[in-house]
Amino acid sequence: MSLAAKPHASGGAPELTDFHVPVVSGSPAPALPGSPVPPAHRIYFYSPDEWEVFITEWATGVAVSYRQIKQLGGSGDRGVDVAAFKTDRGLEAAWDCFQAKHYNGSLTVSDAFPEMLKIFHGVVDAFYCLPDRYVFVAPRGCGPTLNRLLSKPTELRKKFLELLDARGAATQQYDERALKSIRELAVSTDFSIFQSLELNEMLEIHRKTPYFAARFGTALPARPPVEQAPANPSPGEAIYIKKLVDVYHEQDPASCSDVDSVAAHAKHGPHLQRQREAFYSAEALRLYARDSVPEGTYELLQNDVYTGVIDTAEANHHSGLDRLRAVLTQSGQLDLGAHTLISMSNLKDRQGICHQLANADKLTWVDTDE
């Protein structure tokens, strides 16, 4: 399929746990250089593959909770470009099919009929079960005749059966037995499963996904205020807090034996609270990234912070407190301007990332070998 000519086109603290994100093939296209170009206009120039990736991104934002979204278009795809699974059984249970068509013009009945034949043949051939929805997705939408038929499922079925019985060119690749089975299935099928999507509707939904800003070069959404760290540490804070307690215990063994004694300490208590506030700030940034930028963006930032501070952490220091202070200072001096999230972050986030790294056992403040 090609863009050229038809038919060759195609209340409380942030949670400290990760959430499932549907698996999506591909990655966002880079922003086009030059003056700002409206998203719809950019899409008109997408390749068929880019269009399919855009559809997978869009599908992560729809109201239906898909277990997985896969880009399946290509040779032997059996009429399935993008499949959205509602269960772990994939094509063998409830699923939605999104048929990507990146044409210069709007879709016609002659474009749709061969694709409908494919989906019915895939079912009678036991390649998959009939999808709950079969959606034509084209940047320039459907033409008036196809749109009218899609709005009247009974008429659409009647038209499909007429074209099937006429034995035109689209049916020539199927033998009579297959065509008979397709007809029997079509007669018993509710044709309301066949639908279309308008580009403006897709863009409104895509705008709410983590992929929009990266794909179209727009500003990131506003970051919500960071909640204050709760009085009592959560289980998800255990590792980095234990490492901080080791720092304070090294400074004052008699008064700092556990987190409660540190919290009550006149000097170290406020210091511990500041570190916890930084950790929660970084956690808030992580959760913001999950909803605002493509998967893996925050982890790239974390990795660069780690790369930037690990030599400082591994250098010789007189105490764990000196090491901690040196690493936190170094984190604030790193050049992280290439990262998308930096525009939405602050110094506290950088320090909090260091505590996230400590929580993941990648940084330690008190070196027991010294």
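Residues numbered from 1 in each chain as written. Predicted model: local features only at pLDDT ≥ 70, side-chain atom pairs only at ≥ 80, totals over all residues. Heavy atoms only, no water.

Engineer: Explain the nonpolar core here, please?
Structural biologist: A general tendency of soluble globular proteins is for nonpolar side chains to be buried together. Grouped together as the largest cluster of nonpolar side chains are 40 residues, with contacts concentrated most on Tyr-298, Leu-301, Val-305, Leu-341, Leu-363 and Trp-365. Counting only elements with at least two residues in this core, the list comes to helix H9 (238-251), helix H11 (268-292), helix H12 (297-314), helix H13 (320-333) and helix H14 (347-359). Counting residues per element, this core draws most heavily on H11, which supplies 7 residues. Residue contacts for Trp-365: discarding those within four places in its chain leaves Lys-243, Leu-244, Val-247, Gly-320, Arg-323, Leu-324, Val-327, Cys-354, His-355 and Ala-358. The next biggest cluster of nonpolar side chains, apart from the first, holds 37 residues, and it includes Ala-112, Leu-117, Phe-136 and Leu-146. (Core = buried A, V, L, I, M, F, W, Y, C linked by side-chain atoms within 4.5 Å. Buried < 20%, exposed > 50% of the residue type's maximum accessible area, 1.4 Å probe, protein only. Helix = DSSP H or I, 4+ residues; strand = E, 2+ residues; numbered from the N terminus. Contact = heavy atoms within 4.5 Å.)

Engineer: Teacher, can you tell me more about empty space enclosed by the protein here?
Structural biologist: One simple way to see leftover space: roll a probe sized like a water molecule over the atoms. A volume near 50 Å³ is recorded for the largest cavity. In this structure, the largest cavity is lined by Val-109, Ala-112, Phe-113, Met-116, Leu-149, Leu-156, Lys-159, Phe-160 and Leu-163. Of all the elements in the fold, those that place two or more residues in the lining of the largest cavity are helix H3 (109-124) and helix H5 (153-166). (1 Å grid on protein atoms, 1.4 Å probe; cavity = no way out; pocket = protein on both sides within 12 Å on 5 of 7 lines; lining within 4 Å. Points joined across faces, edges and corners; volume = space filled by probe spheres on them.)

Engineer: I would appreciate a short explanation of the environment of His-317 in the present structure.
Structural biologist: Turning to its location among the elements, His-317 is positioned in the loop between H12 and H13. We classify His-317 as buried; its relative accessible area is 17%. In this structure the C-alpha to C-alpha distance between His-317 and Asp-367, which are 50 residues apart in sequence, comes to 9.1 Å. Looking at His-317, its side chain comes within polar contact range of the main-chain oxygen of Thr-312, at 2.7 Å. (Polar contact = N/O pair within 3.5 Å; in protein donor to acceptor, adjacent residues only side chain to side chain.)

Engineer: Sorry, what's going on with the environment of Gln-356 here?
Structural biologist: Positionally, Gln-356 belongs in helix H14. Sequence separation between Gln-356 and Ala-278 is 78 residues, and the spatial gap between their C-alpha atoms is 9.6 Å. Residues in contact with Gln-356, not counting those within four places in the same chain, are Phe-279, Ala-282, Glu-283, Arg-286, Tyr-298 and Gln-302.

Engineer: Would you mind showing me how to read the packing of aromatic side chains here?
Structural biologist: Aromatic ring pairs are defined here through the distance separating the ring centres and the angle between the ring planes. One pass over the full model with this rule turns up 16 aromatic pairs. When the centroid spacing of 5.1 Å and the interplanar angle of 85° are considered together, the rings of Trp-58 and Phe-98 count as edge-to-face. With Trp-58 in helix H2 (residues 48-59) and Phe-98 in strand S3 (residues 95-100), this pair connects stretches of sequence that are 40 residues apart. Note on accessibility: Trp-58 and Phe-98 belong to one class, buried. On the numbers, 5.1 Å between centres and 75° between planes, the contact of Tyr-134 with Phe-136 is edge-to-face. (Phe/Tyr/Trp six-rings, centres within 6.5 Å; stacked < 30°, edge-to-face > 60°.)

Engineer: What exactly am I supposed to notice about the pattern of salt bridges here?
Structural biologist: Scanning all chains against the criterion turns up 20 salt bridges. Arg-133 is the partner of Asp-96 in a salt bridge, and the nearest nitrogen-oxygen pair spans 3.9 Å. One end of the pair, Asp-96, is in strand S3; the other, Arg-133, is in strand S4 (residues 133-137), with 37 residues separating them in the sequence. Salt bridges sharing partners connect three or more residues here, namely Lys-86, Asp-96, Asp-132 and Arg-133. (Salt bridge = Lys/Arg side-chain N within 4 Å of Asp/Glu carboxyl O.)

Engineer: Explanation requested: the sheet that holds strand S5 (residues 194-197) in the structure shown.
Structural biologist: Hydrogen bonds between backbone atoms are what pair the strands of a sheet, whose relative direction is either parallel or antiparallel. Here we have 5 strands laid out as an open sheet, ordered S1-S2-S3-S4-S5, and mixed in their pairing. Two strands bound the open sheet, and with one partner strand each, they are strand S1 (68-71) and S5. Neighbour to neighbour, the strand axes of the sheet diverge by 20° on average, direction disregarded. Two elements, S3 and S4, share 5 bridges in a ladder whose sense is parallel. Looking at the pairing, Gln-99 lines up with Phe-136 of S4. Along the sheet, H2 contacts S1, strand S2 (82-85), S3, S4 and S5; its crossing angle with S1, the most-contacted strand, is approximately 175°. Against the sheet, H3 touches S3, S4 and S5, its axis set at about 150° to S4. (Pairing = 2+ DSSP bridges. Axes fitted to C-alpha atoms, helices over the stretch in contact; angles between N-to-C directions.)

Engineer: Looking at this model, I keep getting lost on H9. Mind explaining?
Structural biologist: Its 14 residues place the ends of H9 20 Å apart at the C-alpha level, agreeing with the 20 Å of an ideal helix rising 1.5 Å per residue. Along H9, the positions that sit buried rather than exposed are Tyr-240, Ile-241, Lys-243, Leu-244, Val-245, Val-247 and Tyr-248. Contacts made by the buried residues of H9 are with helix H10 (259-263), H11, H13 and H14. (Expected span 1.5 Å × (residues − 1).)

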